Amino acid sequence: VQLQAFGGGYVQAGGSRRLSCTASRSVVDFMAWYRQAPGKQRELVASITIGGSTYYPDSVKGRFTISRDNAKNTIYLQMNSLKPEDTAVYYCNTFRATMPWGRGTLVTVSS
């Protein structure tokens, strides 16, 4: 399975961005978005179960929303009220990162 994230770009602080991640085939699994900022380890920013239950760490809770469209093999990440510290390359994978890491998408938030 190949995973590709799309939708990154430059945005001013306080702005919004919607990311999408498409799998090359159907993935019926607990999915998640991760990010890796320069010089930092990759971290989980949102997860969604097959049934649609979601989890967010405190750093993004209330600002980010994960969703999925199983028919399109796609998950989404709606990011609002962006902050400069949200600047990172964003990736998707299963919750346990069991798939090869695909192409991420860079989000740069300017202050």
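Above this text is the structure in question.
Everything quoted here is computed from the prediction, not taken from an experiment. Sequence positions are assigned chain by chain, starting from 1 and proceeding in written order. Per-residue local features are limited, in this predicted model, to residues with pLDDT of at least 70; the limit for side-chain atom pairs, both in listing and counting, is 80 or more; totals at the level of whole chains, interfaces and linings are taken over all residues. To get the side-chain values, all heavy atoms of the structure are used, and hydrogens and water are removed first.

A.B. asks: What am I meant to see in the state of the cysteines here?
C.D. replies: When the sulfur atoms of two cysteines share a covalent bond, that bond is a disulfide. Note that a disulfide, as used here, is simply two cysteine sulfur atoms within 2.5 Å. Counted according to the given criterion, the structure contains one disulfide. Bridging Cys 21 to Cys 92, the disulfide has an S-S length of 1.7 Å. Placement of Cys 21 in strand 3 (residues 17–23) and of Cys 92 in strand 9 (residues 88–94) is noted, with a sequence separation of 71 residues between them. Only protein chains enter the accessibility calculation, which uses a 1.4 Å probe; a residue is then buried when its area is under 20% of its type maximum, exposed when over 50%, and partly exposed in between. Assessed through its relative accessible area of 2%, Cys 21 is described here as buried. Given the relative accessible area of 3%, Cys 92 is considered buried. Labels follow the DSSP assignment, with helices taken as runs of H or I lasting at least four residues and strands as runs of E lasting at least two, numbered in each case from the N terminus.

A.B. asks: Please clarify how the side chain of Asn 93 should be interpreted in this entry.
C.D. replies: Within the secondary structure, Asn 93 sits in strand 9. For Asn 93, a relative accessible area of 0% corresponds to the buried category. Counted as a polar contact is a pair of N or O atoms within 3.5 Å, where, for protein atoms, one must be capable of donating a hydrogen and the other of accepting one, and residues adjacent in sequence contribute only when both atoms are in side chains. Within the local environment of Asn 93, its side chain forms a polar contact with the backbone oxygen of Met 99, the two atoms lying 2.9 Å apart.

A.B. asks: Please explain the nonpolar core as it appears in this structure.
C.D. replies: Residues belong to a common nonpolar core when they are buried Ala, Val, Leu, Ile, Met, Phe, Trp, Tyr or Cys residues joined through side-chain atoms within 4.5 Å. By size, the foremost hydrophobic cluster in this structure holds 27 residues, and its most contacted members are Trp 33, Phe 64, Leu 77, Met 79 and Tyr 90. Looking at this core, the elements that each hand over two or more residues are strand 1 (3–6), strand 3, strand 4 (31–36), strand 5 (43–48), strand 7 (64–69), strand 8 (74–79), strand 9 and strand 10 (105–110). When near neighbours in sequence (up to four residues on either side) are disregarded, Phe 64 contacts Arg 35, Tyr 56, Leu 77, Gln 78, Met 79, Asn 80, Leu 82, Asp 86 and Tyr 90. Whether two residues are in contact is decided by their heavy atoms: any pair within 4.5 Å suffices.

A.B. asks: Which parts of the structure should I look at to understand the sheet that holds strand 6 (residues 54–55)?
C.D. replies: The strands making up a sheet associate through hydrogen bonds between their backbones, and the pairing can be parallel or antiparallel. Within the open sheet, the six strands sit side by side as 2-10-9-4-5-6. Their pairing is mixed. Both edges of this open sheet fall to strand 2 (9–12) and strand 6, since each of them pairs with a single strand only. Note on pairing: DSSP must find at least two bridges between two strands before they are called paired. Across six bridges, strand 4 lies against strand 9 in antiparallel orientation. Residue pairing in the sheet places Arg 35 in a bridge with Tyr 90 of strand 9.

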